[in-house]
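An overview of the molecular structure
So the chains spell out like this:
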Amino acid sequence: MNVTTFPIPFNAHLILCIIGAVFFLIQFIRLKKPYQIIMCVAIAGSLLIYLNKSETLFYIVGLFEVIAILASIISTIIIKIKNRGKKVEQGK
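Residues numbered from 1 in each chain as written. Predicted model: local features only at pLDDT ≥ 70, side-chain atom pairs only at ≥ 80, totals over all residues. Heavy atoms only, no water.

Bringing the overall build of the protein chain into the picture now. Counting its regular elements, the protein chain contains 3 helices and 0 strands. Listing every helix and strand of the protein chain by position from the N terminus yields α-α-α. For 92 residues, the compact-globule formula gives about 12 Å, and the C-alpha radius of gyration of the protein chain, at 17 Å, lies well above that figure. For the protein chain, the spread of C-alpha atoms along the three principal axes comes to 60 × 25 × 20 Å. Counting the 92 residues in the protein chain, one finds 22% classified as buried. The long-range fraction of contacts in the protein chain, counting pairs at least 24 apart against all pairs at least 6 apart in sequence, stands at 48%. Summed over all atoms, the accessible surface of the protein chain reaches about 6900 Å², with 73% contributed by carbon and sulfur. (Helix = DSSP H or I, 4+ residues; strand = E, 2+ residues; numbered from the N terminus. Rg over C-alpha atoms; globule rule 2.2 N^0.38 Å. Buried < 20%, exposed > 50% of the residue type's maximum accessible area, 1.4 Å probe, protein only. Contact = heavy atoms within 4.5 Å. Areas by Shrake-Rupley, 256 points an atom, 1.4 Å probe, with all protein chains shown as cover.)

Quick look at the structure:
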């Protein structure tokens, strides 16, 4: 992979991915929020770019990452809306 495209070496990326995935997994176990497991999978999925040097794979992984980030944002919004609805019902 071109250094200007992906500026950190594999070892650093692997360590950051492990730390991030473990953090989100622990948070999901504690809080059970869907965005946390989505982000855990997205972080681990970023390692797929090392499978081969194909530009197609690089773009597929990038698209997967964008979709995962959008899914986590949407799930957060949906959960907030549901929680507001529950608070309004409890207040009556």
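Let's shift gears to unusual backbone geometry. One non-glycine residue, Lys32, lies in the positive phi region at around 60 degrees. Tracing the backbone through its elements, the reader meets Lys32 in the loop between α1 (10-31) and α2 (34-45).

Further remarks concern the side chain of Ser46. With respect to the helices, strands and loops of the structure, Ser46 is situated in the loop between α2 and α3 (55-91). With relative accessibility at 14%, the residue Ser46 sits in the buried group. At a separation of 3.1 Å, a polar atom in the side chain of Ser46 contacts the side chain of His13. Contacts of Ser46, omitting those with residues within four sequence positions, involve His13, Cys17, Val61 and Glu65. (Polar contact = N/O pair within 3.5 Å; in protein donor to acceptor, adjacent residues only side chain to side chain.)

So, on to the side chain of Ser75. Tracing the sequence through the fold places Ser75 in helix α3. A relative accessible area of 12% places Ser75 in the buried class. Aside from chain neighbours lying at most four places away, what touches Ser75 is Pro34, Tyr35 and Ile38.

Counting 6 residues, the largest nonpolar core is built from Cys17, Ala21, Phe24, Met39, Cys40 and Ile43. Within the residue set of this core, elements represented by two or more residues are α1 and α2. When near neighbours in sequence (up to four residues on either side) are disregarded, Cys40 contacts Ala21, Phe24 and Leu25. (Core = buried A, V, L, I, M, F, W, Y, C linked by side-chain atoms within 4.5 Å.)

The next subject is the state of the cysteines. All chains considered together, the criterion is met by 0 disulfides. This cysteine, Cys17, is not joined by any disulfide, and Cys40 carries the nearest cysteine sulfur, 10 Å off. (Disulfide = S-S within 2.5 Å.)

Take the packing of aromatic side chains next. This model, assessed by the stated rule, comprises 3 aromatic pairs. Geometrically, the ring pair formed by Phe10 and Tyr50 is edge-to-face, given 4.7 Å between the ring centres and 80 degrees between the ring planes. Within this pair, whereas Phe10 is found in helix α1, its partner Tyr50 is found in the loop between α2 and α3, the two being separated by 40 residues in sequence. A relative accessible area of 31% means that Tyr50 is categorised as partly exposed. Ring centres of Phe58 and Tyr59 lie 5.9 Å apart, and the angle between their planes is 75 degrees; this geometry places the pair in the edge-to-face category. Overall, the relative accessible area of 24% leaves Phe58 in the partly exposed class. The exposure class of Tyr59 is exposed, given its relative accessible area of 56%. The lysine or arginine in question, Lys32, covers the ring of Phe28, its NZ or CZ lying 5.8 Å from the ring centre. (Phe/Tyr/Trp six-rings, centres within 6.5 Å; stacked < 30°, edge-to-face > 60°. Lys NZ or Arg CZ within 6 Å of the ring centre and 35° of its normal.)

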